[in-house]
Amino acid sequence: MRLYRVVAATLSLMTLAACSDDAPGQPTGTVVTYSCCNEQDIDKQYRAGETFSLHWAVAAQEGTPGSSAPELNARLVGPFDNVAELKQATTGTTASESFAATPLHPSDSLADRPVSSIVIPFDAEPGYYNLIFSEQRGGSKVEGASIVRIMAAG
């Protein structure tokens, strides 16, 4: 499960590095990128009624800055009985529940440490949830996924 998150986050960063609102050219500055997330955000079990917090990882890399501000989104989709079912479902099956964070619009500064919060309802079904996170700039969207386990309220 940990490898799945690392691959998703790495792919997100690589894809974002290739995207820009401007015409292709030589890097002309620093680009701030956002990816999911602190390991402690997803390496624990949550209970229905708690708040899931996604602490976005912020990094700088050489590139051509775009002209539009980023929008960060996160949502939990599930439940699934096990990880294998969750991974199979990403090919088209929809889950019965979806909980979303309010979209964030960070300042595009390395000092900004955005946190997406998702309130898990008290009546949320226990199981494995697909955490889907994305960064959107202009017409470009970079999306990744990880796995979060939610237990019954207790």
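Since the model is a prediction, treat every value here as computed from it, not as a measurement.

With that out of the way, let us pick up the state of the cysteines. The full count for this structure, using the stated rule, is 1 disulfide. Here Cys-36 pairs with Cys-37 through a disulfide, and the sulfurs are 2.0 Å apart. Under the relative-accessibility criterion, Cys-37 is labelled buried at 14%.

Let's shift gears to the sheet that holds strand S6 (residues 97-100). Read from one edge of the open sheet, 5 strands run S2-S9-S8-S5-S6, paired in mixed fashion. Unpaired on one side and paired on the other, strand S2 (45-47) and S6 mark the two borders of the sheet. In this sheet, adjacent strand axes meet at a mean angle of 35 degrees when their direction is disregarded. Where strand S5 (residues 71-80) lies against S6, 4 bridges are found, and the strand directions are antiparallel. Paired with Val-77 across the strands is Ser-98, a residue of S6.

Let us look at the nonpolar core. Side chains of nonpolar character tend, in soluble globular proteins, to be buried together. Among the nonpolar cores identified, the biggest contains 24 residues, and Phe-52, Leu-54, Leu-76, Leu-131 and Val-148 are the most heavily contacted of them. Among the secondary structure elements, those contributing two or more residues to this core are strand S1 (29-35), strand S3 (51-55), S5, strand S8 (127-137) and strand S9 (140-151). Not counting residues within four places of it along the chain, the set of residues in contact with Leu-54 comprises Cys-36, Cys-37, Asp-41, Ala-74, Pro-114, Val-115, Ser-116, Leu-131 and Phe-133. Counting 5 residues, the second-largest nonpolar core is a separate cluster that includes Phe-80, Leu-86, Tyr-128 and Ile-147.

Right, let's get into the pattern of salt bridges. One side chain can pair with another of opposite charge once the charged atoms of both are near each other. Counted by the stated rule, this structure contains 3 salt bridges. What emerges from the salt-bridge pattern is a single network uniting Asp-108, Glu-135 and Arg-137.

What follows covers the side chain of Asn-73. Among the secondary structure elements, Asn-73 is positioned in strand S5. Here the side chain of Asn-73 touches Glu-71 through a polar contact of 3.0 Å, side chain to side chain. Residues contacting Asn-73, with those up to four places away along its chain left out, are Trp-56, Pro-103, Ile-132, Phe-133 and Ser-134.

Definitions and cut-offs
- Residues numbered from 1 in each chain as written.
- Predicted model: local features only at pLDDT ≥ 70, side-chain atom pairs only at ≥ 80, totals over all residues.
- Heavy atoms only, no water.
- Disulfide = S-S within 2.5 Å.
- Buried < 20%, exposed > 50% of the residue type's maximum accessible area, 1.4 Å probe, protein only.
- Pairing = 2+ DSSP bridges.
- Helix = DSSP H or I, 4+ residues; strand = E, 2+ residues; numbered from the N terminus.
- Axes fitted to C-alpha atoms, helices over the stretch in contact; angles between N-to-C directions.
- Core = buried A, V, L, I, M, F, W, Y, C linked by side-chain atoms within 4.5 Å.
- Contact = heavy atoms within 4.5 Å.
- Salt bridge = Lys/Arg side-chain N within 4 Å of Asp/Glu carboxyl O.
- Polar contact = N/O pair within 3.5 Å; in protein donor to acceptor, adjacent residues only side chain to side chain.

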